[in-house]
Amino acid sequence: MTGKKPRSAKKKIKKEPQQYKFEIASRLALAELLQSAGRPLTHEQVADSLQMYARDDKFDALGRRLGAMARDGQIVRNRRGGYLLVDEQQLIRGRVSAHPDGYGFLIGEHGDDDIFLSARQMRRVLDGDRVVVHITGKDNRGRSEGAIVEVVERANKTVVGRLEVKRGVAVLHPDNKRISVEILISDKGKAKNGQIVLVEIVEQPTNRHPPIGAVIEVLGEHMAPGMEIDVAIRSRDIPSEWPQEVIAQSSALGTEVDQQAIADRRDIRSLPLVTIDGEDARDFDDAVFAEAKPYGWRLLVAIADVSHYVEPGTALDREALNRGTSVYFPQRVIPMLPESLSNGLCSLNPDVNRLCMVCDMAITHEGEIKRARFYPATMRSHARLTYTEVAKFFSNKNKPVSKLKTLVKPLSTLHELYLVMREARSRRGAIDFESNETRIEFDEQSKIKKLVPVERNDAHMMIEECMIAANISAARYLSRHRISGLYRVHEGPAEDKLVDLRKFLQQRGLTLAGGDKPTAKDYAHTLIEAGDRADLNVIQTVLLRSMNQAVYTTRNNGHFGLALDYYAHFTSPIRRYPDLMTHRAIRHVLKARSKEGFSYEETQVDDIGDHCSMAERRAEAAVRDVVAWLKCEYMQDQIGSTHAGVISAVTSFGLFVELQHIHVEGLVHITALPKDYYQFDPVNHRLQGRAGGMEFTLGQVVEVNVAAVNIDERKIDFQLESFTPAGKAARSGGGKKAKKEKKKGRKLSSGKKVTSSKKKVRKKKVAGKSKKKRVSKKKQAATLPRKKRGADSS
C-alpha cells in the first residue's frame, strides 16, 4: 500500500448538481481548498477562506455540504472539528467485517488488501459499518493493521436477538454472531426474558460505551414454530412487508388476462406446452415443448411475461427491485412479486390463458443452437407436471399414467433432445457438481421428522438444459443488438487460488491441467478423475471455492462453470429481477427494432446488477441461517448417537466433520483429539501430531459422537470415536476396500461407544436452551430453498 501514489482530489471527487437555493462551493472546490491549505480546517475556517464571514443560512448550508462529504468518506473530521482530505496512502475507506471473536478487518473500497482491526479498535463499530482507517503498521503475522479515524456510516439501525433480563438489567444477545458485543436495553417494553426481539439501536458504540437499544418488536418465544425464519428475515434485512401502493397496484391488475393483450400477440394455445416443477412449487415461470424437424428439433421455451404487468418506475417495480429475488425458506416463501401475480396472473397455471415471452429455437442433431427468435405470445399450459412424474414416465414410456397419455409424443421428443444436449454439454466441458441438497420433513406437530437427501433425476436435468439453451439465446440477442442488459458472468479462478488448489489435489493423487488458465473442461476432468471417492464432496467444495462467484453485470465475460461465451438469466422473471430486465431489453428491441430509446442507461443497468448480486447473496445467507438452525434443532434429538462422516474442513482449532447422507456439519475441537501437540498445515488442509504422528486431513473418513448442540450459536460439537488413517479410505472409492480400511481404523481409548446412561447425562449438558415442542394443526412437509433450475441458478 505504501508504494501507491496518492490519488488526486480532482479525480476522486466529481462536481455535483447544485442542491441549494444559493450558490455554495462545490465538493471539488472544497476538496481543492483543503488540499491547498495543507492542514485541517474547521467549518468556520473554510467559510472564512471562501469569504463567507456572515453566520447565516449560507454558512449552515456549507456545514451540511462538509458533513455530506464526510459521510461519503471524501473527507474526515478530526476530534477538534477540523476537516482534511482522505489521503489514499495513509487513510483507507471501506466496510468493517467483524469476527465473532471480537476482532475484525477493513474491506477496502478500491480492492486494497484487508486491514486488521484489533478488538480494541472494534469497540466503536459493528459489522458492516463504513469507516476510514489509518494504517498504523504490521501485526505479528505480517498483516497491515489500522486504527479507526472516522465512522462514516452506520450499517445496523436494528438488531434481532434473544433478550436476557438478569437482576433488572436487560441485554440483547444478537443473532448475528459477527456482532459480538451485548447490546444494553434501555426500554424493553413488554418483552420477557428469553424472548426473541427486534431492537432499534438508539446509541451506537463508542470506545467507552457499548451500543444501547430499545425493543421495538417482540417476535416470540425462542423455539416457536417458524421463529428461525422470522429471525433470518430481520437479521439479513430482507424486505417482507408489502407497501400499500404495491398491494393496490397488484389488485388493480385483476385475475384474468386482458382480451386486447391476447389479440395483439401470437396465439400458441394449441401447442401442448407443459410446466415441469417440484411437488411444492406454486409459481410457474416456464413451459416447454419440442418437436422433431429435418435439421434436428424445434424447442419452445415459453416464459411468463412479467414485463407486461410490471412497468419500470411503478410501485410494483420499485419493490421488486428492492427485493431482487424471491427467497425460498423451508415452509415459507418471501416472493419478489405479490402472490396475486407470482402464483396467479403471471404464473403459467394449467388450463388458463397466460401471456408469455417465447424463445423459439432450432437445435441441430449435435445439440447446438442453430438459430433463435423471440416473440410475445398467448399460451395455455396443457398440464402441470412434476419432476417425479416425468422421471417415472421416462423409465417406462410404454405404460404412461392417464394424465400423460396425450403427452407421450412431446415428452418423448423432449427426452430425446435432452440426451443430445447433454452430450453437447459434456463435449464443451461444462462442470457438473453433484448436488448435496437435503429436504427437511416435518411431522404433524411441525417438528422436524427427518433430513432426506435430494436426488436429481433426468426430468430435473432435462428442464435445466432447456433453460440454459434459452438463457444462451437471450444473451446472444442482447449482445447482437448491443443493448444494455444484464449478463450472468462467472469468471475463471484467480492464480493465487490455483496454487493452493493444486497442492491440495496433489496430496490426494489428483491433478488439474490447464496451467495458469485452466478451462471448465480441465475442472470437469478432475471431477471425473475423482470418480466415486469417499471424499468427493470435499473435493467438489475445494474446487468450488477456488472459483469466483457469479455476478450480474453489463460486461459479457462468459460463464466459466458452464463453459459458455454468452449467458444471461431470462427464464425466471417471477422470482429474479435480472430476468425481468432481460425481458424488458428484448421487448424494447422487438418493438423499436433497435436499442435506441431504451429506458435504461448502461450505468443504471450496472447499478441494478450490483444490487441484484447483493440481494442474491443476502437471500442465500438467510436460507443458510435457517437451515443451520433447523439442522441444530434436529440434532438435539441425536445427542449421544454415533454417525459416519467425512472431515469437511481443517482449522487450527479442530476439524469440521460433515455427516454422511444428511449433510450436517459439526466441530471436533482440537482438545477432543487424541492427546498430542498438533501442527496446522493450511495449504494441505491437515492437522498432524508432532509426537504420535497421527494425521487428520480434509476428506478423511471418521466416526463421531454427537456431544452437544447450541441453537443460539448454530454450533454442533462432536467427539471423535474412530477414524481411518488419512488417505486410505479417501482413495478407496467407498467400496469393499473402504469397508476393510474402516475395520482397520483406530478406536480411541477415550471414544468408547456411549451407553444409554451416558446418553441421558449428555442430553442434560446441551448448550443453550432446551427445546420446546412445536405445535401445529396441519401436517407439513417442506424442502430446502428450491433451486428451480440447477445451472440456471449458476
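These numbers were taken from a predicted model, which means no experiment stands behind them. Position numbers for residues count from 1 along each chain, tracking the sequence in the order it is written. pLDDT decides what is reported in this predicted model: residues at 70 or higher carry local features, side-chain atom pairs at 80 or more are listed and counted, and totals for whole chains, interfaces and linings draw on all residues regardless. With hydrogens and water stripped out, all remaining heavy atoms of the structure feed into the side-chain values.

Visitor: So, the overall build of the protein chain: which residues are in play, and what are the values?
Guide: Strands are runs of DSSP state E lasting at least two residues, helices are runs of H or I lasting at least four, and both sets are numbered from the N terminus onward. A count of helices and strands for the protein chain gives 21 helices and 34 strands. Summary of the burial criterion: residues with accessible area below 20% of their type's maximum are buried, those above 50% are exposed, and those between are partly exposed, where the area comes from a 1.4 Å probe applied to protein chains only. Counting across all 794 residues of the protein chain, residues that qualify as buried make up 53%. Throughout, a contact is declared for two residues whenever any of their heavy atoms are within 4.5 Å. Looking at the protein chain alone, contacts between residues at least 24 apart form 67% of all its contacts between residues at least 6 apart. Here the open area of atoms and residues is found with the Shrake-Rupley method and a 1.4 Å probe, where only the protein chains shown may cover a residue. Surface exposure of the protein chain reaches about 38,000 Å², of which carbon and sulfur atoms provide 48%.

Visitor: Can you break down unusual backbone geometry residue by residue, with the values?
Guide: Phi is positive for Arg167, close to 55°, though the residue is something other than glycine. Along the polypeptide, Arg167 turns up in the loop between strand S8 (158-166) and strand S9 (169-174). The class of Arg167 is exposed, set by a relative accessible area of 84%. Even without being glycine, Arg593 reaches a positive phi, approximately 65°. For Arg593, the position within the fold is in the loop between helix H17 (577-592) and helix H18 (602-636).

Visitor: Tell me what's going on with the pairing of strand S7 (residues 144-153), and back it up with residues and numbers.
Guide: In regular strands, side chains alternate between the two faces of the sheet. Counted residue by residue, S7 has 7 buried out of 10 residues, so it is predominantly covered. As judged from the 8 bridges shared by strand S6 (residues 130-138) and S7, these two strands associate in the antiparallel manner. Looking across to S7, one finds that Val131 is bridged to Val151. Between the antiparallel neighbours S6 and S7 lie 5 residues, among them Gly142 with a positive phi of about 85°. When DSSP locates at least two bridges between a pair of strands, those strands are taken to pair.

Visitor: Summarise the sheet that holds strand S30 (residues 686-689); cite the residues concerned and give the values.
Guide: Paired through backbone hydrogen bonds, the strands of a sheet run either parallel or antiparallel to each other. An order of S29-S30-S31 is seen for the 3 strands of this open sheet, with the pairing classed as antiparallel. Two strands bound the open sheet, and with one partner strand each, they are strand S29 (678-681) and strand S31 (695-697). In this sheet, adjacent strand axes meet at a mean angle of 15° when their direction is disregarded. As defined by bridge partners, S29 adjoins S30 across 4 bridges and the pair is classed as antiparallel. Paired with Phe680 across the bridge in S30 is Leu687. Only C-alpha atoms enter the line fits that serve as axes; for helices the fit covers just the stretch in contact. Angles between N-to-C directions range over 0 to 180 degrees.

Visitor: Describe the pattern of salt bridges, listing the residues and the values that go with them.
Guide: Side-chain pairs of opposite charge can arise where the charged atoms are in close proximity. Throughout this description, the term salt bridge denotes a Lys or Arg side-chain nitrogen within 4 Å of a carboxyl oxygen of Asp or Glu. What the rule picks out here adds up to 37 salt bridges. The partner of Arg265 in a salt bridge is Asp305, and the shortest N-O contact between them spans 2.5 Å. Of the two residues, Arg265 sits in the loop between helix H7 (259-263) and strand S13 (266-267) while Asp305 sits in the loop between strand S16 (296-304) and helix H8 (306-309), which places them 40 residues apart along the sequence. Accessibility assignment for this pair places Arg265 and Asp305 in one class, buried. The shortest N-O distance in the salt bridge between Glu616 and Arg617 comes to 3.1 Å.

Visitor: I'd like to hear about the packing of aromatic side chains, residue by residue, with values.
Guide: Between rings of Phe, Tyr and Trp, where Trp is taken as its six-membered ring, a pair exists when centres lie within 6.5 Å; planes separated by under 30 degrees are stacked, by over 60 edge-to-face, and by other angles tilted. For the coordinates displayed, the defined rule picks out 11 aromatic pairs. Between the aromatic rings of Phe374 and Phe570, the centroid separation amounts to 5.4 Å while the plane-to-plane angle is 80°, which identifies the pairing as edge-to-face. Highlighted residues: Phe374 in strand S20 (residues 369-380) and Phe570 in the loop between strand S25 (551-553) and H17, separated in sequence by 196 residues. Taking relative accessible area as the criterion, Phe374 reaches 6% and is therefore assigned buried.

Visitor: How would you summarise the sheet that holds strand S10 (residues 183-187) if you had to cite specific residues and measurements?
Guide: If you trace the 5 strands once around the closed barrel, you get S8-S9-S10-S12-S11, paired in mixed fashion. Here the strands of the sheet are splayed against their neighbours by 55° on average, with no regard to which way each runs. Relative to strand S11 (residues 196-203), S8 runs antiparallel, the two sharing 5 bridges. Note on S11: the bridge partner recorded for Val160 is Leu198. Running at roughly 145° to strand S12 (residues 212-220), helix H5 (residues 227-235) makes contact with S8, S11 and S12 of the sheet.

Visitor: Help me get a handle on the packing of helix H15 (residues 520-530) against helix H16 (residues 536-545), residues and values and all.
Guide: Their axes nearest at 10 Å, the elements H15 and H16 cross at an angle of 165°. Taken together, the axis directions place H15 and H16 in an arrangement best described as roughly antiparallel. Seen from above, H15 lies across H16 with right-handed handedness. Contacts from Tyr523, Thr526, Leu527 and Ala530 in H15 reach Leu536, Ile539, Gln540 and Leu543 in H16. Lys, Arg, Asp and Glu make up the charged group, whereas Ala, Val, Leu, Ile, Met, Phe, Trp, Tyr, Cys and Pro make up the nonpolar group; the residues left over, Gly among them, are polar. Split into classes, the residues belonging to the contact of H15 with H16 amount to 6 nonpolar, 2 polar and no charged. Put simply, angles under 35 degrees are roughly parallel, angles over 145 are roughly antiparallel, angles from 65 to 115 are roughly perpendicular, and the rest are oblique. Should the near helix be turned anticlockwise from the far one by less than a right angle, the crossing is termed left-handed; should it be turned clockwise, right-handed.

Visitor: So, the confidence of the model for the protein chain: which residues are in play, and what are the values?
Guide: With 87% of its residues at a pLDDT of 70 or more, the protein chain shows a mean pLDDT of 85. The quantity known as pLDDT measures the predictor's confidence residue by residue, on a range of 0 to 100. Taken element by element, the predicted model of the protein chain shows its lowest mean pLDDT in helix H21 (residues 756-764) (37) and its highest in S16 (98). This stretch, residues 1-12, has a pLDDT under 50; its non-local contacts, to residues over four places away or in other chains, come to 23 contacts. With pLDDT under 50 throughout, residues 749-791 is counted as low confidence; its partners more than four residues away or in other chains account for 111 contacts.

Visitor: Requested: an account of H15, with residues and values cited.
Guide: For H15, every residue scored as buried is listed here: Ala520, Asp522, Tyr523, Ala524, Thr526, Leu527 and Ala530. Just downstream of H15 lies Gly531, where phi reads positive at about 60°.

Visitor: Can you lay out a negative patch on the surface for me, pointing to particular residues and giving the numbers?
Guide: Residues enter patches when their relative accessible area tops 30% and they take part in no salt bridge; the joining distance is 9 Å for like charges and 5 Å for the nonpolar side chains Val, Leu, Ile, Met, Phe, Trp and Tyr. Neither His nor the chain ends is counted toward charge; the positive residues are Lys and Arg and the negative residues Asp and Glu. Each charge is placed at NZ for Lys, CZ for Arg, CG for Asp and CD for Glu. On the surface, a cluster of negative charge is contributed by Glu495, Asp496, Asp500 and Asp516. Within the fold, Glu495 resides in helix H14 (residues 495-507). Under the relative-accessibility criterion, Glu495 is labelled exposed at 54%.

Visitor: Can you lay out the environment of Pro100 for me, pointing to particular residues and giving the numbers?
Guide: For Pro100, the position within the fold is in the loop between strand S3 (91-98) and strand S4 (104-108). Along the sequence, Pro100 and Ser180 sit 80 residues apart, while their C-alpha atoms lie 5.4 Å from each other. With residues near it in sequence (within four places) discarded, Pro100 still touches Lys177 and Ser180.

Visitor: Before we move on, can you summarise the pairing of strand S21 (residues 383-386) with the specific residues and values?
Guide: What you see with S21 is no split at all: Ala383 and Leu385 on one side and Arg384 and Thr386 on the other are buried throughout. The pairing of strand S14 (residues 274-277) with S21 spans 4 bridges and is parallel. Residue pairing for S21: Val274 is matched across the bridge by Ala383.

Visitor: Which residues make up helix H9 (residues 315-323), and what values go with them?
Guide: Taken as a whole, H9 has its buried residues at Ala315, Leu316, Asp317, Glu319, Ala320 and Arg323. Gly324 sits one or two positions beyond H9 and adopts a positive phi of about 80°.

Visitor: Before we move on, could you go through the side chain of Ser473 and cite the residues and values that matter?
Guide: As for its position among the elements, Ser473 is in helix H13 (residues 458-480). If near-sequence neighbours (up to four positions away) are discounted, Ser473 is found in contact with Cys359, Met361, Ile369, Ala372 and Phe374.

Visitor: Could you give me a rundown of the environment of Leu271, with the residues and numbers involved?
Guide: If you trace the backbone, Leu271 turns up in the loop between S13 and S14. Sequence-wise, Leu271 and Pro410 are 139 residues apart; in three dimensions their C-alpha atoms are separated by 9.8 Å. Apart from the residues lying within four places of it in its own chain, the contact partners of Leu271 are Phe289, Leu300, Arg380 and His382.

Visitor: With reference to specific residues and values, describe the environment of Arg265.
Guide: Exposure remark for Arg265: the relative accessible area of 12% places this residue in the buried category. On a C-alpha basis, the gap between Arg265 and Thr378 in space is 6.3 Å, while along the polypeptide they are 113 residues apart. Of note is the side chain of Arg265, whose polar atom sits 3.3 Å from the backbone oxygen of Ala377. Whenever two N or O atoms come within 3.5 Å, that pair is a polar contact, provided that in protein one can donate a hydrogen and the other can accept it, and provided that, for residues adjacent in sequence, both atoms are side-chain atoms.

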